[in-house]
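# Report on the structure
Residue-level listing of the chains:
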Amino acid sequence: MTTQWKDIARANHEGSESGAIPFPQSVRMLVDAGFDGYAVDLRRATRTYYMPDGGSIELESAPTAADVAPHFDAQAIKAALSQAQALVPGYTYQGFCAKIAAAGCAGYYVSLAGQRVIYFGRTGESLTECFPGAKP
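Described below are features of the structure shown in this document. (Residues numbered from 1 in each chain as written. Predicted model: local features only at pLDDT ≥ 70, side-chain atom pairs only at ≥ 80, totals over all residues. Heavy atoms only, no water.)

### Overview of the sheet that holds strand E2 (residues 46-50)
Applicable threshold: Between any two strands, at least two bridges found by DSSP are needed for them to pair. Starting at the N terminus, helices and strands are each numbered in turn, a helix being any DSSP run of H or I of at least four residues and a strand any DSSP run of E of at least two. Axis lines are fitted through C-alpha atoms, for helices just across the contact stretch, and the angle between N-to-C directions can take any value from 0 to 180 degrees. Only heavy atoms matter for contacts: two residues are in contact if any of them lie within 4.5 Å across the pair.
Strand order in the open sheet formed by six strands is E3-E2-E1-E4-E5-E6, with antiparallel pairing between adjacent strands. The open sheet has two edge strands, strand E3 (56-60) and strand E6 (126-130), and neither has a second partner. Each strand axis lies, on average, 15° off the axis of its neighbour in the sheet, ignoring direction. Here five bridges tie strand E5 (residues 116-121) to E6, and the two strands are oriented antiparallel to one another. Opposite Arg116, over in E6, you have Cys130 as the bridge partner. Against the sheet, helix H4 (residues 93-102) engages strand E1 (37-41), E2, strand E4 (105-111) and E5, with an angle of about 120° to E4.

In C-alpha cells:
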C-alpha cells in the first residue's frame, strides 16, 4: 500500500465528514484513485476504504449522535437520503448519520464499481440505492 492511497483516503474521509467534499466529488476522487469502495460502520465509528488488491485502510470517524435503532425503517432512510441529495439548508453529514442511525441503519457500503450504496440494519435488513443517474 502506498502513502498516496492513505493520503487520498484520509483527505476523502476528512472532507466528507466536515462537509467540504460533497458525495459526488468524494466518489469521483475515490474512483480516480482506483479504490473499490468503502464501508461506514456507525456503531464502531469507523470508515474502511477498500483497494482492488485486497488491502484496506480503516479510519476513525466522529461518533454518531444517535444510537442505532433496533428496527430498520427504509422509508426514513430514503427521506434522509433525499434531504442529503438536495442539500437542504442545514444539512450536515453528521446530521445525516444521526438520522439514518435513528432509522435503524447500522452502516452502509458504497460500491464504486456498482454505483450503489447498501444501507443495512442490525438484523441484516437492507436498502440499496443507486447513485443519482446510475442504472440498477
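### Some words on the environment of Gln115
When you line up the elements, Gln115 lands in the loop between E4 and E5. For Gln115 and Gly55, which are 60 residues apart along the polypeptide, the C-alpha to C-alpha distance reads 20 Å. Residues in contact with Gln115, not counting those within four places in the same chain, are Cys130, Phe131 and Ala134.

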